[in-house]
Amino acid sequence: MSTTAAPYRLYKRRWIGVFAMFILEAVSAASGPWFGPISNNVVRDFGFTLDQVNWLGNIVSCVYIPTAVFTPIITKRYGVRRCCDIAAVAILLSAWVRYAGTARSLPKGGAYALIIIGQALSAVAQPVYQILAPKYSERWFDLKSRTTATMIISIANPIGGAIGQLLSPIFSDTRKSILVLAIMSTVVVPLAFLILEAPPTPPSYSGSRIPSPSIVSLIRAAAGLKCPPETYMTLRERFDFAILVSVFSALLAAVTTFSILSSQWLAPYGYSDNTAGIMGAALLLSGILAAIATSPVFDRILTHHLGLTVRILCPIIGAAWLSLIWAVKPHNTVALYAIFSIIGVGSITLLPVGVELGVELTRNPDGSSAVLWFFGNLLCVIFVLAQNALRGSRAANPPLDMHRAIMFNGIWVFAVSILVFFFRGRQARRELDVQMNEEHIALGTDMSKAVTFSSPKQREEQPTEARGVVF
């Protein structure tokens, strides 16, 4: 039975959409770090340079940036379902364009062009499911399950990254590795048909707002300019949102950059591609398990303490990244596994928390998510380019070492993590939902027809029960 009071309702089929978005995002995300652990093999098999291989991962972030801007605009015009369909088509195209680049008859330049175009197409799909995660959870889930739904969709990206880092080194033949990725991508595409636009009756007050505020209204509100009343942000909220964007971007860029450069960070110190891939997977998988365990706690116990969670975990994560300056050295495998696990537990636990806090501060689910992921991927591009430039020479000891790059990464993340001590993170959206729900209970009103956002025909066919979970 549902615990949601009238006029709100939950539907069992809400979990089908979460499952579909999770699988689609995981597979599309696997392509980003796919070439990181096998970068040296790709150089050997295709004749590309290390910088060119790095751009196979970096192009994902570059394409992600404009896609993040247009996703809320397309969603506002065509809806969640149509936007997800577009992303699924991009996944399918990316799979086989990328594999076409493995043909042995192609010259090196032609092979590289097709592979990087395939990577770019996969980057069109990734932001769609990530950005729409809080919007989908707001439309379909109530206060006691919203963070969990956002978590499930959000961690699909690091899970996909872990899958990519674990699977790609398994195959000694790089071409066979890329074929496996193409098959995976093709198999999951039909799941897009399981994602529905919205339930007949909303699960909460905030879930009844169709359409959501535009991303333009969010930008105006964040800048302190004139905007619609429902998108207005206080000075404190604007300050908190700026801190949230800064910290979220730094943590995302650090994790993503390591997934792309893991082999290059560790290989000069004697660690194999397989070991680098497993360390990257350890970071992601430890974080995924922590996120799965903690999200229900945030929904039901620590529901009003998301800001406190950020203030506690961020300095720990920053210190862990900083410690890698001294920890990345030969014969230090156990310590590196421990540090990467700590980073994963903290960073990925904060992923759904950060996304939900963005909505709480702005009352704009897809707009705030787009801003967070936009700046996170922009900073990722900067991180990869900067760390490539900081690589040691062949005459260095060890040759081609990334010590200065690791210093850059650790110092930046640690410095930004200090900002959380000025972060408050008031959950204004949740307060409004609770207030509206309590008012409906106090008044004893049944407004199921008044707040529904389905079509007129669906409204006439709705049952009049005050509460319940329906399929």
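As a reminder, the structure under discussion sits directly above these lines.
Residues numbered from 1 in each chain as written. Predicted model: local features only at pLDDT ≥ 70, side-chain atom pairs only at ≥ 80, totals over all residues. Heavy atoms only, no water.

**So, the overall build of the protein chain**
Here is step 1 of the chain: For the protein chain, the count of helices and strands is 18 helices and two strands.
Here is step 2 of the chain: Sorting the 471 residues of the protein chain into buried and exposed places 59% on the buried side.
Here is step 3 of the chain: The long-range share in the protein chain, meaning contacts at least 24 apart out of those at least 6 apart in sequence, stands at 84%.
Here is step 4 of the chain: Accessible surface computed for the protein chain: about 18200 Å², of which carbon and sulfur atoms make up 69%. (Helix = DSSP H or I, 4+ residues; strand = E, 2+ residues; numbered from the N terminus. Buried < 20%, exposed > 50% of the residue type's maximum accessible area, 1.4 Å probe, protein only. Contact = heavy atoms within 4.5 Å. Areas by Shrake-Rupley, 256 points an atom, 1.4 Å probe, with all protein chains shown as cover.)

**Overview of the packing of helix α10 (residues 235-266) against helix α11 (residues 273-300)**
Here is step 1 of the chain: Two elements in contact, α10 and α11, have axes whose closest approach is 8 Å; the angle formed by their N-to-C orientations is 155°. Compared by their axis directions, α10 and α11 come out roughly antiparallel. In this structure, α10 meets α11 at a crossing whose hand is right-handed. Residues Val255, Phe258, Ser262, Ser263 and Leu266 of α10 form the contact with α11, whose participating residues are Asp273, Ala276, Met279, Gly280, Leu283 and Leu284.
Here is step 2 of the chain: Here the contact of α10 with α11 is built from residues that sort into seven nonpolar, three polar and one charged. (Axes fitted to C-alpha atoms, helices over the stretch in contact; angles between N-to-C directions. Parallel < 35°, antiparallel > 145°, perpendicular 65-115°, else oblique. Left-handed = near helix turned anticlockwise from the far one by under 90°. Nonpolar A, V, L, I, M, F, W, Y, C, P; charged D, E, K, R; others polar.)

**Description of the nonpolar core**
Here is step 1 of the chain: With 78 residues, the main nonpolar core has Trp265, Leu266, Trp321, Leu324 and Leu336 as its most contacted residues.
Here is step 2 of the chain: Looking at this core, the element that brings in the most residues is α10, giving 17 residues.
Here is step 3 of the chain: The residues contacting Trp321, other than those within four sequence positions of it, are Ala254, Val255, Phe258, Trp265, Leu283, Ile343, Asn409, Gly410 and Val413. (Core = buried A, V, L, I, M, F, W, Y, C linked by side-chain atoms within 4.5 Å.)

**A word on the pattern of salt bridges**
Here is step 1 of the chain: Considering all chains together, one arrives at seven salt bridges under this definition.
Here is step 2 of the chain: For Asp366, the salt bridge goes to Lys135, with nearest N and O atoms at 3.7 Å. Of this pair, Asp366 sits in helix α14 (residues 365-389) while Lys135 is found in helix α5 (residues 108-140), placing the two residues 231 residues apart along the sequence. Residue Asp366 shares its accessibility class with Lys135, and that shared class is buried.
Here is step 3 of the chain: With its nearest N and O atoms 2.6 Å apart, the salt bridge here joins Asp240 to Arg236. Of this pair, Asp240 and Arg236 both sit in helix α10, four residues apart, which is roughly one turn of the helix.
Here is step 4 of the chain: Classification of Arg236 as partly exposed rests on a relative accessible area of 34%. (Salt bridge = Lys/Arg side-chain N within 4 Å of Asp/Glu carboxyl O.)

**Structural notes on the side chain of Ser369**
Here is step 1 of the chain: Mapping Ser369 onto the fold places it in helix α14.
Here is step 2 of the chain: Classification of Ser369 by relative accessible area gives buried; the value is 0%.
Here is step 3 of the chain: In contact with Ser369, not counting residues within four places along its chain, are Gln130, Ile131, Pro134 and Val355.

**Remarks on the packing of aromatic side chains**
Here is step 1 of the chain: Inspection of every chain in the model, using the stated rule, returns 15 aromatic pairs.
Here is step 2 of the chain: Ring centres of Tyr64 and Trp373 lie 6.4 Å apart, and the angle between their planes is 45°; on these two criteria the pair is classed as tilted. Note that Tyr64 is positioned in helix α3 (residues 50-78) and Trp373 in helix α14, a separation of 309 residues in sequence. With respect to burial, Tyr64 and Trp373 carry one shared label: buried.
Here is step 3 of the chain: With a centroid separation of 5.1 Å and an interplanar angle of 80°, the aromatic rings of Phe374 and Phe375 are classed as edge-to-face.
Here is step 4 of the chain: Classification of Phe374 as partly exposed rests on a relative accessible area of 21%.
Here is step 5 of the chain: Sitting over the ring of Phe46, Arg175 keeps its end group 4.5 Å from the ring centre. (Phe/Tyr/Trp six-rings, centres within 6.5 Å; stacked < 30°, edge-to-face > 60°. Lys NZ or Arg CZ within 6 Å of the ring centre and 35° of its normal.)

**Side note on helix α4 (residues 80-100)**
Here is step 1 of the chain: Along its 21 residues, α4 runs 31 Å from first to last C-alpha, staying within 8% of the 30 Å computed at 1.5 Å per residue.
Here is step 2 of the chain: Listed in full, the buried residues belonging to α4 are Val80, Cys83, Cys84, Asp85, Ala87, Ala88, Ala90, Ile91, Ser94, Ala95 and Arg98.
Here is step 3 of the chain: On its buried face, α4 sits against α1 (14-30), α3, α5 and α8 (174-188). (Expected span 1.5 Å × (residues − 1).)

**Quick notes on a nonpolar patch on the surface**
Here is step 1 of the chain: Together, Val69, Phe70, Ile73, Ile74, Tyr78 and Ile86 line one region of the surface with nonpolar side chains, adding up to about 540 Å² of accessible area.
Here is step 2 of the chain: Ranked by residue count, the leading element in the nonpolar patch is α3, at five residues.
Here is step 3 of the chain: Position of Ile73 among the secondary structure elements: in helix α3.
Here is step 4 of the chain: Residue classification places Ile73 among the partly exposed positions, given a relative accessible area of 44%. (Patch = residues over 30% accessible without salt bridge, like charges linked within 9 Å, V, L, I, M, F, W, Y side chains within 5 Å.)

**Observations regarding the environment of Arg44**
Here is step 1 of the chain: Relative to the assigned elements, Arg44 resides in helix α2 (residues 39-46).
Here is step 2 of the chain: On the accessibility criterion, Arg44 (53% relative accessible area) is exposed.
Here is step 3 of the chain: Separated by 130 residues in the primary sequence, Arg44 and Thr174 have C-alpha atoms spaced 9.5 Å apart.

**Details of α2**
Here is step 1 of the chain: What α2 keeps buried is the set Ser39, Asn41, Val42 and Phe46. The arc enclosing the buried residues of α2, seen along the axis, measures out at 155°, which places them on a common side.
Here is step 2 of the chain: Check the buried side of α2 and you find it contacts α3, α5, α8, α10 and α11.
Here is step 3 of the chain: Backbone geometry just downstream of α2 places Gly47 in the positive-phi region, at approximately 80°. (Arc of directions from axis to C-beta.)

**A look at the packing of α5 against helix α13 (residues 333-362)**
Here is step 1 of the chain: Interhelical geometry of α5 versus α13 gives an angle of 70° and a closest axis separation of 10 Å. With respect to their mutual orientation, α5 and α13 come out roughly perpendicular. In the packing of α5 onto α13, the handedness of the crossing is right-handed. Across from Pro134, Ser137 and Glu138 in α5, the residues of α13 making contact are Val355, Glu356 and Val359.
Here is step 2 of the chain: Per-class residue counts for the contact of α5 with α13 are three nonpolar, one polar and two charged.

**As for the side chain of Thr174**
Here is step 1 of the chain: Its location among the elements puts Thr174 in helix α8.
Here is step 2 of the chain: Residue classification places Thr174 among the buried positions, given a relative accessible area of 2%.
Here is step 3 of the chain: A distance of 2.5 Å separates polar atoms of two side chains, one belonging to Thr174 and the other to Asp45.
Here is step 4 of the chain: With residues up to four places along the chain from it excluded, the contact list for Thr174 reads Ile38, Asn41, Val42, Asp45 and Phe46. (Polar contact = N/O pair within 3.5 Å; in protein donor to acceptor, adjacent residues only side chain to side chain.)

Worth remembering: the numbers are spatial, not functional.
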